[in-house]
Amino acid sequence: MTEPSNLSDEDRWRAALAKDRRFDGVFVTGVHSTGIYCRPSCPARAPKRDNVRFYATPDAAEAAGLRACKRCAPDQQSREEAAVLQVLEILRDADGPVPLARLGAATDYSPTHLQRIFSRAVGLSPAAYARALRRGRAEEALPQESRVTDAIYRAGYAAPSRFYDDMKEHSAMSAKDRRDGGKGQVIHYAVVETTLGPMLVAATQRGVCCIAFGEGEADLRARFPQADFVEGHEDFCDLFTQVTQAVETPGAGQDIPLDVRGTAFQQRVWEELRRIPPGETRSYGELAAALGNPKASRAVGGANGANAIAVLIPCHRVIAADGGLGGYAYGTKIKAELLKREKGD
């Protein structure tokens, strides 16, 4: 198993001290004073930091002369891990919802216990994970089908109403809007001056759909190629003022309505970004772990880069694993200033 490149040794050390099960299988902890290696979640007493080295795989640890801990058995896939992998495979291959009782029978666990271990490992219940898969499939199918209902059934939904209920919970952008690139949508926009420079703000009747520094109408049209655009409509003045105030005071504006468009995975990442408290930061690896998949740091980085709503979806709070600023679509100078303001420096 390949070690995620965005995890530093200090990230691994913190995971080992916290005995975080989400990192089991991502790396092993080698204790050279005892000659053994362990899972990050091993319940044994924490070793001294100076005696610890981290390895991507059990094979790498054994090549360094270490042997597997008998208590946590890092060289063996646990029965619970095997059950989670089996459920993931079943859900990915399923054409529709799979009852929890069926998953329990397939893994020889009670439905209640299976739900608990799956949720702990993945960050979602089996049903929520399956819904996320169906949403993602529907979003991929929408541009390819001439009819919305064809895409919905192709994704595995039993009825269109199930899809619309699902999407209503996770995104304001309708299925037809997604298929047509915003066709028929009216987007109101303005370029406003801020202490961070000119800022593009755009919104539909549902909420803010774009905030970007140094961009204008041409960039907005590239994001929503089939939409209709209206500049500076007076009905949106109050909303744009609220957005400007939130940008000038990062951490504010949590109640501003958003019209977010993205895949199911992207929306999970963006929801997790909004949970990061103002003044705090996360690495890509930490964000991936919070989503229940520590190995998805690269995918998390992609979702972070696809965010079209700066500040209100605070992708500036994600930094490099070594503590450096990392990249930012609008430049590290703006990113540094946003973080500085949030920390009260």
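Residues numbered from 1 in each chain as written. Predicted model: local features only at pLDDT ≥ 70, side-chain atom pairs only at ≥ 80, totals over all residues. Heavy atoms only, no water.

**Some points on the environment of Tyr129**
Alright, step 1. Relative to the assigned elements, Tyr129 resides in helix H6 (residues 126–141).
Alright, step 2. Overall, the relative accessible area of 12% leaves Tyr129 in the buried class.
Alright, step 3. With 37 residues separating them along the chain, Tyr129 and Arg92 place their C-alpha atoms 9.5 Å apart. (Helix = DSSP H or I, 4+ residues; strand = E, 2+ residues; numbered from the N terminus. Buried < 20%, exposed > 50% of the residue type's maximum accessible area, 1.4 Å probe, protein only.)

**Concerning the environment of Phe229**
Alright, step 1. As for its position among the elements, Phe229 is in strand S8 (residues 228–231).
Alright, step 2. Setting aside residues no more than four positions away along its own chain, Phe229 makes contact with Ile187, Tyr189, Leu220, Arg221 and Phe224. (Contact = heavy atoms within 4.5 Å.)

**So, the state of the cysteines**
What makes a disulfide is a covalent bond joining the sulfur atoms belonging to two cysteines.
Alright, step 1. Summed over the entire model, instances satisfying the criterion amount to zero disulfides.
Alright, step 2. Considering cysteine sulfurs only, Cys72 is the nearest to Cys69, which forms no disulfide, with 3.9 Å between them. (Disulfide = S-S within 2.5 Å.)

**Thoughts on the pairing of strand S7 (residues 208–213)**
Both faces of the sheet carry side chains from a regular strand, because those side chains alternate between them.
Alright, step 1. With six of six residues buried, S7 is to be regarded as a mostly interior element.
Alright, step 2. Direction of pairing for strand S6 (residues 197–203) relative to S7: antiparallel, over a ladder of five bridges. In the strand pairing of S7, Ala202 is matched with Cys210.
Alright, step 3. What sits between the antiparallel neighbours S6 and S7 is a turn of four residues, in which Gly207 has the positive phi angle 160 degrees. (Pairing = 2+ DSSP bridges.)

**Quick notes on unusual backbone geometry**
Alright, step 1. The backbone of Asp108 sits at a positive phi, close to 65 degrees, despite the residue not being glycine.
Alright, step 2. Mapped onto the secondary structure, Asp108 falls in the loop between helix H4 (100–107) and helix H5 (111–122).
Alright, step 3. Phi is positive for Val311, which is not a glycine, with a value near 70 degrees.
Alright, step 4. Assignment of secondary structure puts Val311 in the loop between helix H14 (297–305) and strand S10 (318–319).

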